[in-house]
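Residue-level listing of the chains:
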Amino acid sequence: MKLIAAYICVSLFFVLLRGKLFYRLETRRQTAFNSIRVCAEMLALTWVMSYFTGNPPPSTKHVLFAAILWGAIFAWKFVTFKKTGAQPSCKWSFAFPISLFIILFVRISAIWTLRTFPVNDVESVITTLDLPLDGFTAIFVKSYLLRALLPIVALTAVLSYFFGELCTVLRKPRATCAALTAVGVIAFLALFIEKVPVSRYIDAIQNETAVMESDLLEKYFIDADSLHITAPEKPRNLIWILMESMESTFADTASGGEAATNYIPEITQLFEKNTGFSHSDRFGGGNDMLGSRNTITGTFSKTTGIPLLSRLRLNNKFIPGAKSFWESLHKYGYTNYFVMGTDSRFNMQNWFLEQHGVDVIYDMVSMKSKQDVDEKFRNMRSFEAGLTDRSLYAASRAYIDSIARNGSPFSVSIATINTHFPYGFYDKECLEKPESGSDEDYYKATLRCASREVNEFVEWCQKQDFAENTLIVIVGDHLFPNKFPGKFLARPNINNRKWVTILINPTKNSETRRRQFTSIDIAPTILEAMGFDIAEHRFGLGVSLYSEEKTLLEIFGADSLEKELQALAHDPKFFKRFVLE
């Protein structure tokens, strides 16, 4: 409302001022047209100011910036009018619109890139680009077309039409526009490079073949094949929900989060009522670390007990030396299912799942015929990120109901998508509606919807016949990897950012829920929560949080562990052990 009020007041002021100075030379029709023109010029300039300052959509300060610029242009027009008795005009020149387009293209494209991709996370960017982007390329294309290219073209057209006469003040319009373009492009590229850790990208590329040594494997690694695992008489089934970018940060400060309002109240209650591991005595969870900061690396490390640090592909194999807890469950008669709302080919997730113990994959392609799936997804309309979480949970209910009837032990892993960066994928059928059209309010509504839907799914599971003998686990697959939309989490305490970790109906209770842990500790924790006894309570490099054994994070601390993992990533023994095996 403040933005609208400021825009109306400033536009009305300039309309009245212009009418006062020029109305005697204009017909009523011209006066009406020019009044509309003033409003349109102010609106266009407001949006330009917001993009140039890097903070779209516009705010009241951008209206004021636009007013200052418009006032300067208007003053120049009026001085010209007083001297010549006519307003400035000139023949159409392509110099100004071309110059404007190039400057806008560089600036708005840079802003889109910074807001869309986690460019500060060098590891995640390189890992993602090193893998196929099947299923998500169209999403980014759509986002660029709507959020970058469309504003570029629209603003270029509007500003060229309204301010094209500025060329009259220039003696050599084309040369001057070329110079201004060069200065603008260099300036905005410099601003972009300043926000991107270019030196870290250069170091990462140069150090790709560097050789380092690490003793992590010798001291702390336990091969899954050599583990002595004792199964209970009746091991529990597993329903494991990997929630996209779900952090405890989204809860309010009173609960342990960083927000003024609790946007995930149901998830917070699930943590409080069940076994939830945390870095503090309040709502919290696990730490991101090198090799676990995006979906594929987070899922890999949580299931294998090792971080994903090396090249993924070798003769069509996905880290063949690693063993997942799904492969361990196979030995005890489990059938493993993975349900995901996206295309499993993205980042070669299908390779990883198929080669590491998952028997059946249900993804957006295989589920398009399900009656519980939205019509637009059954038609596989282009530019869709995947199934909504609402449809994903509905399909999962049907699958689990059918699977449970067989009577055999099973594990079902479910990967959600709605809370994905940079703005989330809001489901219009959600009961929670955004308060405005801003990215921030849409993401808040998406979080509230995700919290309610996962709680409803858990309640459904608990009412089924298989509930008594089923462990339900809820984890965030990784932290939100980019700047949060809007300002509701503008400056969160980085040490308080944790992905949620909740275990419902485990076979054992923990003496303490306060632990410092990472993704590699999830696999042994889940196995012991299902009733399996693991010798030494270890799996890969991970440690069961039910044990008194210290995790690597508790041994080294965050900074030292990061350095140890950097060394491990460049240790030939790591590549030989897991990739060449």
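Notes on the structure in this doc start here.

Reading the values: rules and limits
Residues numbered from 1 in each chain as written. Predicted model: local features only at pLDDT ≥ 70, side-chain atom pairs only at ≥ 80, totals over all residues. Heavy atoms only, no water. Disulfide = S-S within 2.5 Å. Helix = DSSP H or I, 4+ residues; strand = E, 2+ residues; numbered from the N terminus. Buried < 20%, exposed > 50% of the residue type's maximum accessible area, 1.4 Å probe, protein only. Axes fitted to C-alpha atoms, helices over the stretch in contact; angles between N-to-C directions. Parallel < 35°, antiparallel > 145°, perpendicular 65-115°, else oblique. Contact = heavy atoms within 4.5 Å. Nonpolar A, V, L, I, M, F, W, Y, C, P; charged D, E, K, R; others polar. Patch = residues over 30% accessible without salt bridge, like charges linked within 9 Å, V, L, I, M, F, W, Y side chains within 5 Å. Areas by Shrake-Rupley, 256 points an atom, 1.4 Å probe, with all protein chains shown as cover. Salt bridge = Lys/Arg side-chain N within 4 Å of Asp/Glu carboxyl O. Lys, Arg positive; Asp, Glu negative; His and termini not counted. Charge placed at Lys NZ, Arg CZ, Asp CG, Glu CD. Phe/Tyr/Trp six-rings, centres within 6.5 Å; stacked < 30°, edge-to-face > 60°. Lys NZ or Arg CZ within 6 Å of the ring centre and 35° of its normal. Polar contact = N/O pair within 3.5 Å; in protein donor to acceptor, adjacent residues only side chain to side chain. Core = buried A, V, L, I, M, F, W, Y, C linked by side-chain atoms within 4.5 Å.

## Looking at the state of the cysteines
Here is step 1: Within the structure shown, the criterion is met by one disulfide.
Here is step 2: The partner cysteine of C430 in its disulfide is C449, sulfur to sulfur 1.9 Å. Taking the sign of the torsion about the S-S bond as the criterion, the disulfide between C430 and C449, at about -75°, is left-handed. Residue C430 is located in the loop between β9 (410-415) and α16 (439-462), and its partner C449 is located in helix α16; the two are separated by 19 residues in the primary sequence. Just as C430 is buried, C449 falls in that class too.

## Things to note about the packing of helix α10 (residues 265-273) against α16
Here is step 1: At a closest axis distance of 7 Å, the pairing of α10 and α16 adopts a crossing angle of 45°. Here α10 lies oblique to α16, going by the angle between them. Where α10 abuts α16, its residues P265, E266, I267 and L270 lie against R448, S451, R452, V454, N455 and V458.
Here is step 2: Residues of the contact of α10 with α16, tallied by class, amount to five nonpolar, two polar and three charged.

## Observations regarding a negative patch on the surface
Here is step 1: There is a patch of like negative charges on the surface, built from E511, E536, E548 and E549.
Here is step 2: By the secondary structure assignment, E536 is in the loop between β12 (533-534) and β13 (538-539).
Here is step 3: Take E536: its relative accessible area is 52%, and that puts it in the exposed class.

## Description of the packing of aromatic side chains
Here is step 1: Enumeration over the complete set of coordinates arrives at 26 aromatic pairs.
Here is step 2: Summarising the aromatic geometry, the rings of F221 and F578 are spaced 5.3 Å apart at their centres and angled 85° between planes, so their arrangement reads as edge-to-face. Residue F221 is located in the loop between α9 (216-220) and β1 (229-230), and its partner F578 is located in helix α20 (residues 572-578); the two are separated by 357 residues in the primary sequence. F578 shares its class with F221; the two are buried.
Here is step 3: On the basis of an interplanar angle of 50° and a centroid distance of 5.4 Å, the ring pair of F300 and F352 is categorised as tilted. In this pair, F300 sits in helix α11 (residues 295-304) while F352 sits in helix α13 (residues 349-355), placing the two residues 52 residues apart along the sequence.
Here is step 4: For F300, a relative accessible area of 1% gives the class buried.
Here is step 5: Overall, the relative accessible area of 1% leaves F352 in the buried class.
Here is step 6: Counting every residue linked through ring pairs, the aromatic cluster contains W240, F300, F318, F325, W326, F338 and F352.
Here is step 7: Taking the ring centre of W499 as reference, the NZ or CZ of K302 above it sits at 3.9 Å.
Here is step 8: A cation over a ring is seen here: R513 above F271, with NZ or CZ 4.3 Å from the ring centre.

## Quick notes on the environment of Y426
Here is step 1: Within the element layout of this structure, Y426 appears in the loop between β9 and α16.
Here is step 2: Assessed through its relative accessible area of 19%, Y426 is described here as buried.
Here is step 3: The contacts of Y426, once residues within four sequence positions are left out, are E432, K433, P434, Y442, A445 and T446.
Here is step 4: Polar side-chain contacts of Y426 include one of 2.7 Å to the backbone oxygen of E432.

## Focus: the nonpolar core
Here is step 1: In terms of nonpolar packing, the biggest core is built from 62 residues, with W240, F325 and I526 touching the most fellow members.
Here is step 2: Sorting elements by how many residues they give to this core places helix α17 (residues 522-529) first, with five residues.
Here is step 3: Filtering out sequence-adjacent residues up to four positions away, W240 remains in contact with K302, T303, F325, W326, V412, S413, I414, V473, V475, I522 and I526.
Here is step 4: Core analysis: the second largest hydrophobic core is formed by 46 residues, V339, Y393, I400 and F421 among them.

## Overview of the pattern of salt bridges
Pairing between side chains of opposite charge can happen when their charged atoms approach one another.
Here is step 1: What the rule picks out here adds up to 16 salt bridges.
Here is step 2: The salt bridge involving R497 is made with E247; its shortest N-O contact spans 2.4 Å. Here E247 lies in the loop between β2 (237-243) and α10 and R497 lies in the loop between β10 (470-476) and β11 (499-504), a separation of 250 residues in the sequence.
Here is step 3: Residues joined in a network through salt bridges with shared partners are E218, D571 and K573.

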